[in-house]
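Spelled out, the chains give:
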Amino acid sequence: MSYIKGLKCRECGHHFPIAPTHVCEFCFGPLEVDYNYDQIAKSLTREKIEKRPQTMWRYRELLPIEKDPTVGVLAGYTPLVPAKNLAKALGVKEVWVKNDAVCYPTLSFKDRVVSVALSKAKEFGFKTVSCASTGNLANSVAANAASAGLECYVFIPYDLEAGKVLGTLVYGANVIGIRGTYDEVNRLCSEIGAKYKWAFVNINIRPYYAEGSKTLAYEMMEQLGWKVPNHVVVPMASGSLLTKVHKAMKEFHKIGLLTDNTDPKCKVHGAQATGCSPIATALKNDWELFKPVKPNTIAKSLAIGNPADGFYAMQSMKETGGWSEDVSDEEIVEAIKLLGETEGIFTETAGGVTTGVAKKLIKLGKIKKDESVVICITGNGLKTQEAMTGHVGKPTIINPELMRWMLH
Ligand SMILES: *Cc1c(COP(=O)(O)O)cnc(C)c1O
Ligand SMILES: [Zn+2]
């Protein structure tokens, strides 16, 4: 049973049939999946969801596939960690960490979007999948393509972290490193996509792919007892995840899944690294549009200088009363250590960005001392070890003799 009506242009509202396409033929606006929410509301209940397996597919009526998922069936349902020590350190009442650093199978939230994208690509009959990536997407497309028996081509900036590159090659994918920024990789991929009949998960499959991000927020609300927090801090690369977190909350409200079903009053805040902060800078300066930048930051997974969904991310933040901040590379490293030392969670640089920005928002009074906040940790620290080299001290090396060491 499918609840999808088709695709709809975000700008002019024109409707299109379900197909591997992402731009409006009339105005070049981005296309989005259009659901039949009345039907979903009739069928989907909290009780029904709670009886299903603990994966992101327990919300499948709200995901854009026709048949049962065939790729990434075990992804999602990551822990929502009550972070008491971090809350104390930050001086705020209630902090939760949505920990996608342990998402299955490749330890980032990208396993959610890829599960939907590749399941959809198989429905469309594609045999080859591809992507332009800042690292985590490459890992997830390669791993899921391997298990699904799909041919895979991955395009990345040549200077990504070693863990991200090795963590793509190990799955047998064709990896192409490009001497350029992500934005240049992405532009090249659009040209390749016009020539080859491949499923580019973040180009021609993008409307379906992006919907997978909603499951992070569905889980967050379910894990909070079918409620929204006062605040959520979301990392922004293209800005897509942030818009989908906002959309997920509106959907749960619309179909009546929240306990207190008044309009969800959760402020959605966007986090960027100062070295690549086009969206945060535009929001802070009250510009209507962002200005593309050339990225220079250790948070490579977020290093998109010309973010495809930047404009819509700004709209989501404004609509919810959220704010946007950015943190320097030093602050990112400090925040990674803070999260590690208070909660025992090792995040990659993107999680240093959200934790650092949460700290800043509390300091600025945007998040009040008696409020609740969910911090999204979207990737695993073992993949970006370079960022921490020289910042965590060294082990004490001793001989295997207990007494001498104790006497020192
Ligand atoms: C891709 C990515 C994001 C954000 O992605 P959007 O393009 O904004 O949806 C956040 N964190 C990590 C670790 C990522 O890899
Ligand atoms: Zn249009």
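Residues numbered from 1 in each chain as written. Chains lettered and ligands numbered in written order. Predicted model: local features only at pLDDT ≥ 70, side-chain atom pairs only at ≥ 80, totals over all residues. Heavy atoms only, no water.

Looking now at the packing of aromatic side chains. Under the defined criterion, the tally for this structure stands at 13 aromatic pairs. Taking 6.4 Å as the distance between ring centres and 85 degrees as the angle between the ring planes, the aromatic pair formed by Phe124 and Phe126 counts as edge-to-face. A relative accessible area of 25% means that Phe124 is categorised as partly exposed. Relative to Phe252, the ring of Tyr218 lies with its centre 4.9 Å away and its plane at 5 degrees, an arrangement referred to as stacked. In this pair, Tyr218 sits in helix α9 (residues 214-223) while Phe252 sits in helix α10 (residues 240-254), placing the two residues 34 residues apart along the sequence. Residue classification places Tyr218 among the buried positions, given a relative accessible area of 0%. The exposure class assigned to Phe252 is buried, which follows from its relative accessible area of 0%. A connected cluster of aromatic rings, assembled from ring pairs, spans Tyr153, Phe155, Tyr196, Trp198 and Phe200. One residue, Arg10, lies across the ring of Tyr312, its end atom 3.9 Å from the ring centre. (Phe/Tyr/Trp six-rings, centres within 6.5 Å; stacked < 30°, edge-to-face > 60°. Buried < 20%, exposed > 50% of the residue type's maximum accessible area, 1.4 Å probe, protein only. Helix = DSSP H or I, 4+ residues; strand = E, 2+ residues; numbered from the N terminus. Lys NZ or Arg CZ within 6 Å of the ring centre and 35° of its normal.)

Time to look at helix α13 (residues 329-343). The periodicity of an α-helix, 3.6 residues per turn, causes residues three or four positions apart to be oriented the same way. Taking 1.5 Å of rise per residue, the 15 residues of α13 would be expected to cover 21 Å, and the 21 Å separating its terminal C-alpha atoms lies within 8% of that figure. Here α13 has its buried residues at Ile332, Val333, Ala335, Ile336, Leu339, Thr342 and Glu343. Immediately beyond the C-terminal end of α13, within one or two residues, lies Gly344, with a positive phi of roughly 70 degrees. (Expected span 1.5 Å × (residues − 1).)

A separate point is the pattern of salt bridges. Opposite charge on two side chains allows them to pair when their charged atoms are near. For the structure shown, the criterion picks out 19 salt bridges. Two residues, Glu123 and Lys120, come together in a salt bridge whose shortest N-O distance is 2.9 Å. Here Glu123 pairs with Lys120, and both are found in helix α4 (residues 110-124), just three residues apart, close to one helical turn. Looking at Glu123, the relative accessible area reads 24%, which means it is partly exposed. The salt bridge partner of Lys214 is Glu211, with a shortest N-O separation of 2.6 Å. With respect to class, Lys214 is no different from Glu211; both count as buried. Here the residues in one salt-bridge network are Glu32, Glu211, Lys214, Lys244, Lys247 and Glu251, joined through shared partners. (Salt bridge = Lys/Arg side-chain N within 4 Å of Asp/Glu carboxyl O.)

Here the zinc ion (ligand 2) is held by the protein donor atoms Cys9 (SG), Cys12 (SG), Cys24 (SG) and Cys27 (SG), which lie 2.3 Å from it. Coordination at the zinc ion (ligand 2) comes from four donor atoms whose angles at the metal span 99 to 117 degrees, giving a geometry best classed as tetrahedral. Within one chain, the residues serving as donors to the zinc ion (ligand 2) are arranged as C-x2-C-x11-C-x2-C. In this pair, Cys9 sits in strand β1 (residues 4-9) while Cys27 sits in the loop between β2 (15-16) and β3 (31-35), placing the two residues 18 residues apart along the sequence. Note on Cys9: relative accessible area 3%, which makes it buried. (Donors = N, O, S within 2.8 Å, 3.2 Å for Na, K, Ca; no water. Tetrahedral: all angles 85-135°; square planar, octahedral: opposite > 155°, others 65-115°.)

This part takes up the site of ligand 1. Of all residues adjacent to ligand 1, which total 15 residues, the nearest are Lys110, Ala237, Ser238, Leu241 and Thr378. Leu241 places a polar main-chain atom, nitrogen or oxygen, 2.8 Å from an oxygen atom of ligand 1. Looking at the shell around ligand 1 residue by residue, the class counts come to seven nonpolar, six polar and two charged. (Near = heavy atom within 4 Å. Polar contact = N/O pair within 3.5 Å; in protein donor to acceptor, adjacent residues only side chain to side chain. Nonpolar A, V, L, I, M, F, W, Y, C, P; charged D, E, K, R; others polar.)

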